[in-house]
Amino acid sequence: MDTQTLMSTNQVLLNSMEYGDKLLARKVITIVREKTSGAIYIVAESRLSQLPSKKSKSESAGAVVPPQDKSSANSKSKGTTNSKTKSGVDAGSYQLVEKLTGASLVGLKYVPLFDYFLKYSETAFRVIADSYVTDDSGTGVVHCAPAFGEDDYRVCVSSGIIKDVDLFVAVDADGCFTKDVSDFSGRYVKDADKDIINSIKVKGRLVDNKSMVHSYPFCWRSDTPLIYRAVTSWFVSVEKIKEQLLESNKQTHWIPEYVKEKRFHNWLENARDWAVSRTRFWGTPLPIWVSEDFIEKRVIGSISELEKLSGAKVTDLHRHNIDHITIPSERGPEFGVLRRVDDVFDCWFESGSMPYAYIHYPFENAELFEKNFPGHFVAEGIDQTRGWFYTLMVLSTALFGKPAFRNLICNGLVLDEHGKKMSKSLKNYPSPTEVIGDYGADALRLYLVNSPVVRAENLQFKKNGVYNVVKDVFLPWYNAYRFLVQNAKRLEVEGPTSFVPAHYETLHNSSNVLDQWINSATESLIQFVRQEMDAYRLYTVIPYLLKFIDNLTNIYVRFNRKRLKGRTGEEDCIMSLSTLYNVLLTTCKVMAPFTPFFTEVLYQNLRKVSDGSEESVHYCNFPSTIGKRNKRIEQSVMRMMTVIDLVRNIRERHSKPLKTPLKEMIVVHPDSDFLEDITGKLREYVMEELNVKLVVPCNDPLKHASLRAEPDFSVLGKRLGKAMGAVAKEVKAMSQADILLFEQSGEATFSGHCLKQDDIKILREFKRPAGSTEKEIDAAGDGDVLVVLDLRADESLFDAGVAREVVSRIQKLRKKAGLDPTDVVEVYYEPLGKNKNILEKIVDSQDEYIKDALGSPLLHEKYTPADAVILCQEEFQVLLSHEEPPNVSFVISIAKPALVFDTEAIVALYSGDKKLADNLQTYLLSREVSNLKLEFQGGNGKIKVDCFQNQPVVELELEKHVFLSVADSYLRRKELLNY
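What comes next is a walk through the structure. Along each chain, numbering runs from 1 in the same order as the chain's sequence is written. The model is predicted, so local features are restricted to residues of pLDDT at least 70 and side-chain atom pairs to those at 80 or more, both for listing and for counting; the totals for chains, interfaces and linings are taken over all residues. Computation of side-chain values covers all heavy atoms of the structure but excludes hydrogens and water.

## Re the overall build of the chain
Where helices and strands are cited, they refer to DSSP runs of H or I of at least four residues and of E of at least two residues respectively, numbered from the N terminus. From N to C terminus, the chain includes 35 helices and 35 strands. We compute the radius of gyration from the C-alpha atoms alone; for a globule the expected value is 2.2 Å times N to the 0.38, where N is the number of residues. In summary, the chain has a C-alpha radius of gyration of 44 Å against a globular reference of 30 Å for 979 residues, an excess of more than 25%. Exposure categories follow from relative accessible area, calculated using a 1.4 Å probe and restricted to protein chains: below 20% of the type maximum is buried, above 50% is exposed, and the middle band is partly exposed. The burial tally for the chain puts 42% of its 979 residues in the buried class. Across the chain, every contact between residues at least 6 apart in sequence was considered, and the portion connecting residues at least 24 apart equals 68%. Element-wise, carbon and sulfur atoms account for 51% of the exposed surface of the chain, whose accessible area totals about 52600 Å². The chain carries 125 positive and 133 negative side-chain charges, and their two centres are separated by 5 Å. Contacts are assigned to residue pairs with any non-hydrogen atoms lying within 4.5 Å of each other. The accessible surface values rely on the Shrake-Rupley method and a 1.4 Å probe; as for residues, cover is taken only from the protein chains in view. When charges are counted, neither His nor the chain ends are considered; positive counts come from Lys and Arg and negative counts from Asp and Glu. By convention, the charge on Lys lies at NZ, on Arg at CZ, on Asp at CG and on Glu at CD.

## So, the sheet that holds strand β2 (residues 28–34)
Strands pair, by our definition, only if DSSP identifies at least two bridges between them. What the 3 strands build is an open sheet, ordered β3-β2-β4; its pairing is antiparallel. Each of the sheet's edge strands pairs with one partner strand only, and the pair in question is β3 (40–44) and β4 (94–101). Across the sheet, the mean angle separating the axes of adjacent strands is 25° when strand polarity is ignored. In terms of strand pairing, β2 meets β4 through 7 bridges, oriented antiparallel. The partner of I29 across the bridge, within β4, is L100. Here the axes come from fitting lines to C-alpha atoms, over the contacting stretch only for helices, and the angles between their N-to-C directions go from 0 to 180 degrees.

## Some thoughts on the state of the cysteines
Any covalent bond linking the sulfur atoms of two cysteines counts as a disulfide. Note that a disulfide, as used here, is simply two cysteine sulfur atoms within 2.5 Å. Summed over the entire model, instances satisfying the criterion amount to 0 disulfides. Unpaired in terms of disulfides, C144 finds its nearest cysteine sulfur in C156, a separation of 3.2 Å.

## Some points on the nonpolar core
Here, nonpolar core means buried Ala, Val, Leu, Ile, Met, Phe, Trp, Tyr and Cys residues that are tied together by side-chain atoms lying within 4.5 Å of each other. Of all hydrophobic cores here, the largest spans 89 residues; its most connected members are M640 and M665. In contact with M640, not counting residues within four places along its chain, are I555, F559, I678, L682, Y685 and V686. One finds L245, L268, W274 and V290 within the second-largest nonpolar core, a separate group that totals 35 residues.

## Some remarks on the side chain of H961
Mapping H961 onto the fold places it in the loop between β34 (954–957) and β35 (962–963). Looking at H961, the relative accessible area reads 5%, which means it is buried. Beyond its immediate chain neighbours, meaning those up to four positions away, H961 contacts V900, F901, D902, A905, I906, L909, E955 and L956.

## Details of the packing of aromatic side chains
Centres within 6.5 Å are what make two rings of Phe, Tyr or Trp a pair, Trp counting through its six-membered ring; a difference in plane orientation under 30 degrees is then read as stacked, over 60 as edge-to-face, and the rest as tilted. Counted by the stated rule, this structure contains 38 aromatic pairs. Plain terms: the ring middles of F177 and F184 are 6.3 Å apart, the flat faces sit at 50° to each other, and that makes the pair tilted. Taken individually, F177 and F184 each receive the classification buried, so the pair is uniform in this respect. Taken together, the aromatic side chains of F114, Y116, F117, Y120 and F168 make up a single cluster linked through ring pairs. Over the face of the ring belonging to F168 we find K119, whose NZ or CZ atom lies 5.7 Å from the ring centre. Throughout this description, the term charge over a ring refers to an Arg CZ or Lys NZ atom that lies within 6 Å of the ring centre and within 35 degrees of the ring normal.

## Remarks on the side chain of D416
Note that D416 resides in the loop between β18 (414–415) and α13 (432–439). A polar contact is formed between the side chain of D416 and the backbone nitrogen of G419, at a distance of 2.9 Å. Dropping the residues within four chain positions of it, D416 is found in contact with M422, N428, Q460 and F461. Pairs of N or O atoms are called polar contacts if they sit within 3.5 Å, as long as, within protein, a hydrogen donor faces a hydrogen acceptor (for residues adjacent in sequence, only side-chain-to-side-chain pairs).

## Description of the environment of A709
With respect to the helices and strands, A709 occurs in strand β22 (residues 705–711). With 21 residues separating them along the chain, A709 and E730 place their C-alpha atoms 9.7 Å apart. For A709, the residues in contact, after removing those within four places along its chain, are V731, K732, M734, I739, I760, K761 and I762.

## Structural notes on the pairing of strand β20 (residues 665–668)
Of the two faces of β20, both are covered, the one formed by M665 and V667 as well as the one formed by I666 and V668. By the bridge criterion, 4 bridges tie β20 to strand β21 (residues 695–698) in an arrangement that is parallel. Its bridge partner being in β21, I666 is matched across the sheet by V696. As defined by bridge partners, β20 adjoins strand β27 (residues 785–790) across 4 bridges and the pair is classed as antiparallel. Across the sheet, V667 pairs through a bridge with V787, a residue of β27.

## Describing helix α14 (residues 441–449)
Three or more residues of α14 are buried, namely D442, A443, L444, L446, Y447 and V449. For α14, the secondary structure elements touched by its buried residues are α13, β19 (459–460), α15 (463–494), α18 (538–559), α20 (570–591) and α21 (596–606).

## Points about the pattern of salt bridges
Any Lys or Arg side-chain nitrogen located within 4 Å of an Asp or Glu carboxyl oxygen qualifies as a salt bridge. This model, assessed by the stated rule, comprises 44 salt bridges. For D130, the salt bridge goes to R154, with nearest N and O atoms at 3.1 Å. Within this pair, whereas D130 is found in the loop between β5 (127–129) and β6 (141–143), its partner R154 is found in helix α3 (residues 150–158), the two being separated by 24 residues in sequence. Owing to a relative accessible area of 35%, R154 belongs among the partly exposed residues under this scheme. For D346, the salt bridge goes to R278, with nearest N and O atoms at 3.3 Å.

Take a look at the structure:
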């Protein structure tokens, strides 16, 4: 028999020796007779199956039947013995005598199992009833032990069996029976189980003996079963101030609000007096001194008061230093002295006293306390609704008539991945040190803050969720920061001065639409976070922040790569880099409370180019809104992303990668502003991102689609009730014109019910042009926007597709070689096979696109210098025709930049002396190209060479005597040819 089983048996036996019974009054009770012994049993009808089967002495014994049906009772058939009735009782062992309600037994007296407490017979040992007795276990009739259960105590007091002052406890503090239980006095209750069972058996009152395993509380420290036992306690009279508590609660602001309005309000409304004493050694001693006869009671309010009353010096308030202190009785020496009670405070009393106790109020800091009370903010788990939050409220209301806090954030519980409570003994959680070591404290913090926990709901913790935060948030965020740093360094290398971000006001005057968008979005971010944090709505802030970072990386940085890399001119590059710098700096300040370590690392580098910045991001004030928000720009970019997502979906559906150029897409929308956004200032970004050559606007929704209306049953069902059918029929019957009018006005009336736009779904069904198939023209829609995409192959666009394939392979080879985006290299290609002339033609025709994508021209292998340093090389294949397999191969070589000399011009510097010219070229080849570039920049394209003895000083001119790369030489030559 395991520990739980022993405890179960013991609990029943303990209860059996108390003095009162109860049963469920509304249920049907049966009285049955055992056929062999004639014993009568009272059992709930649904629990008859619990009676043990007994062999009858006569095979002719009748089945269990109601007494009024005597013909059935006397009938018998083969196999009747030990058969079961529908109720589950053994028909061969028992006979049904009577059925009655539990209420009809209330008030009947009975003979107790033991005689220990016969002195209580006047009020005890009678049947009472209560609704907490169930009929899904046991017999439906249970013994009642008022000193060993809250419900038992309640019903015995309400039934008049005991009074509060008469409560008798037959088990001492060690869990042993008292002397009143004479046969088992001094024995631990669990050790006496077998002897108690034998005693009942000897008396002939044992019906059955078996074990039942059920849920039972165990001590979480020792893993031993607990015994419920009534003890004497000191109470705070909470019920007297219940109305004040409810009023104090109204003065607080909770997040989420429903915890305050429901859970906490209900708890206060049903609050009972609070037992604040505990029978322990360590703890804050109760400052209560009482006389031996308990008539005198003194509650001590300070050390000085105790010293004055006792005459003793007090230096330490731990109980072993004050328990010996006595106070003379005010009634005279003959009444002895007052001694401190043995109990200590419930630790929650101390927790609830925190707002004033931690600054030693009222003995010190009275002004500080009164100025700052109630506290502005507290936060804890939802389990503290009945713990710390409650004790804070009770004590502050009782002492000061007001709540202890103004704002409260209530979080849920963090459970293991299977939904169970985390336990140190079970180790059903990953080590926090391990999680932080693998992913960082910021990732763990963000995972928890952006979870149901902040909405007072439970979280099933999964380590993989922390990894996803790193992957989806920190890596993109860091890549945006790294992209800024790389291109700022590139600007320093290629430009005359270091990168200095433009002033904030200058940024807000940028003519670039994405600059305007991200600046406005940053202002919106600051405004939103301030608003929500002021309201303590943490659960709305993090999703907004994460969406902002996603937009920054996947829209601003992605769509502005050319500008950030300097492909659109130095001035435009500085403007875009400065905008990105300002946004990243602001993001660090906004995110610092949520990701303190990551933002500090980024900030320490960002502050290097900003004079007068704070030493740490945590010294910075939270950003304030400075510029103006442009809601139209923000809406326009979101519209653009909607269109882009729709086209991506179509491409994915038809296996058309973005590298494949398409001829045309049509954007259908009734709003001219929407179309102006997509085909106007954002047109270039849309076309480049989607690799579409033509974007056509269309404001006629019926030209490319038919409209159909459907009622939103989930919204209207409860509201309309029986009228739903008639309304739905009218909505579905709406004509195209009706739907357009409804979209314009925003409402319409059906069967007397006014429906708004949220009540009706407008579905757009694409009308494919006659003679075309889904593989040729397809569409996708989202709400009121429809995108039609021409998927037909166009040979005139095929060169661009091949060029994208070539660029893609070059970029992958750069990554494979471990090159940074800022590393300057030369890229050569060598066409192979019979179709190499076709590839050469495509590269020549797409040279501008390739140069913009790579940052330098793609050079034919014939331009490769003999002394070129090849960093990496690989052979690739591309598809030259969509109808044939890959049919051209080429080799890509990535090399270090190589100097190109105009030998004739250099020889002329030395009056035709070729040996001196060779010396100069050898010297220049030994120099770092980057250093030479800086010298030429410092000399406005010229440098003097005076480092040779016995050789004349000469002045070299860039792009006349020397080129710093093969690409520069090639582009110069091409420029002269075109000129």
